[in-house]
Amino acid sequence: MNLRLNPGVLMKNYGIVVFLVLMIAVFALLMPDTFATSGNFRQILADQAVPGILALAVILPLAAGEFDLSVGANLGICTITGIVLAGTGLPLPLILLATLALGMLIGAINAFMTIVVGVNAFIATLGMATILAGLNLLLTNSTLITHSSDAFSALTGLRLPGGLQVAVFYFLAAALILWFVLERTPFGRYLRATGLGRDAAELSGVRTKRYLAAAFIGAGLLGGLAGTLQASRAGNATPDLGPEFLLPAYAAAFLGATAIRAGYFNVWGTVTGVYLLAVGANGLVILGAKTWVTNVFNGVALLIAVSAATLVQRRKTRALRPASAAAGSAPAETPPGQGASTPA
């Protein structure tokens, strides 16, 4: 299909990319000496490495038709754990191993509660987030904690040619790996089939419980990675760290479901969503907007993203309905976040 001859298809699949470019252009015209600088753009890229990895984390449960509301708290406790371990002088490899293992353990517990016990994922992960918030208070003694490990700080503080922080490349590497897994492997197809309809997928021979468990554990691993990088980059943590990362992550994921592969939770759409939110917040702050505007901006973006993703999915369902009726076997799809993903 020639996108140049079909602007409707271009806007449907790349609308938020176009909007991101336009937003950058507008802010650059309004603030050429502050916003449109290489230093500001490098800072935006670096600042979104951790939130971006967390946004990638939420894609996995969403693709399987579930929500994981503990990813923000997972980031928080892994950040705090990393700082505590760095303060003991533990070698960097052991800190990384411990924080990543903790993230995966949290994901495994979520999987156990959801799959084995049968608790609704929304409730199970919300309960986990509450437990982790309490443990954060225990580990920090309800005070700000810091670390002074140069080796741990160098994990994200290193600057590469061009002035970019190495954390940006961690984000890019995570995105590339997750894209390959979701789009180029049988795991990705079966995970989307699980999100489409578990009963139908099981009748087709898909072991949906395994893929759902892998989704929660994978989300926990990425949450642990995000927390580790946050600990290294910030060097400190407050007892209530974590929940503020949750809403932007879901906003970016749902924005991503409206782009690149509209109607599907996908990696590059999510990456675009991450930077759209970041550019919007950065431009508004430089313009002089109050700090509360960022929260309002992210909340409005989430509502718009969910609404747009739902409308895209409804349009796709209506388009497929005649073919489904003719075939007599194709299942109906549901909005993203409610089992929307389809086999690739």
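Report follows, based on the coordinates. (Residues numbered from 1 in each chain as written. Predicted model: local features only at pLDDT ≥ 70, side-chain atom pairs only at ≥ 80, totals over all residues. Heavy atoms only, no water.)

1. Side note on the environment of Asn-74
The condition that has to hold: Every helix listed is a DSSP run of H or I at least four residues long, and every strand listed is a run of E at least two residues long, numbered separately from the N terminus. In this analysis, two residues are considered to be in contact whenever any of their non-hydrogen atoms come within 4.5 Å of each other.
Residue placement: Asn-74 occurs in helix α4 (residues 71-87). The sequence separation of Asn-74 and Leu-102 amounts to 28 residues, and the corresponding C-alpha distance is 8.5 Å. Filtering out sequence-adjacent residues up to four positions away, Asn-74 remains in contact with Gly-103, Ile-106, Leu-132, Gly-220, Gly-223 and Gly-224.

2. With respect to helix α6 (residues 121-140)
Rules: To estimate the expected span of a helix, subtract one from its residue number and multiply by 1.5 Å. In this scheme, a residue with accessible area under 20% of its type's maximum is buried, one over 50% is exposed, and one in between is partly exposed, where area comes from a 1.4 Å probe on protein chains only. The reported arc concerns the directions from the helix axis to the C-beta atoms and nothing else.
A rise of 1.5 Å per residue sets the reference length of α6, with its 20 residues, at 28 Å; its end C-alpha atoms lie 28 Å apart and thus fit the reference within 8%. Along α6, the positions that sit buried rather than exposed are Ala-121, Ala-124, Thr-125, Met-128, Ala-129, Leu-132, Asn-136 and Thr-140. Each buried residue of α6 lies within a common arc of 135° when the element is viewed along its axis, so the set occupies one face. Along α6, the residues that are exposed and aim more than 90 degrees away from the buried face are Ile-123, Thr-130, Ile-131 and Leu-138. Along its buried surface, α6 packs onto α4, α5 (92-117), β1 (145-146) and α11 (208-234).

3. Description of the packing of aromatic side chains
For clarity, the threshold we go by: Each Phe, Tyr or Trp ring (for Trp, its six-membered ring) is paired with any other whose centre lies within 6.5 Å, and the angle between the two planes then decides the class: stacked below 30 degrees, edge-to-face above 60, tilted in between. Distance and angle both matter: a charge sits over a ring if NZ of Lys or CZ of Arg is within 6 Å of the ring centre and within 35 degrees of the ring normal.
Under the counting rule described, the total for this entry stands at eight aromatic pairs. On the numbers, 5.7 Å between centres and 35° between planes, the contact of Phe-67 with Tyr-250 is tilted. You can see Phe-67 sitting in the loop between α3 (49-63) and α4 and its partner Tyr-250 sitting in helix α12 (residues 246-256), a full 183 residues away along the chain. Consider the rings of Phe-187 and Tyr-211, whose centres lie 5.5 Å apart with planes at 45°: the pair is tilted. Residue Phe-187 is located in helix α9 (residues 186-196), and its partner Tyr-211 is located in helix α11; the two are separated by 24 residues in the primary sequence. Judged by its relative accessible area of 17%, Tyr-211 falls in the buried class. Through pairs of rings, three or more aromatic residues link up here, namely Phe-67, Tyr-250, Phe-254 and Phe-265. Here the basic side chain of Arg-261 rests over the ring of Tyr-264, its NZ or CZ set 4.4 Å away from the ring centre.

4. Quick word on the pattern of salt bridges
The test is simple: Salt bridges, as used here, are contacts in which a Lys or Arg side-chain nitrogen is within 4 Å of a carboxyl oxygen on Asp or Glu.
According to the stated counting rule, one finds four salt bridges in the structure shown. Close ionic contact of Glu-66 with Arg-198 constitutes a salt bridge, the shortest N to O distance being 2.7 Å. On the criterion of sequence distance, the pair formed by Glu-66 in the loop between α3 and α4 and Arg-198 in helix α10 (residues 198-203) is long-range, its members being 132 residues apart. Glu-183 is paired through a salt bridge with Arg-261; the nearest N and O atoms lie 2.4 Å apart. Taken together, the residues Glu-183 in helix α8 (residues 166-184) and Arg-261 in the loop between α12 and α13 (267-287) connect sequence positions 78 residues apart. What emerges from the salt-bridge pattern is a single network uniting Glu-183, Arg-192 and Arg-261.

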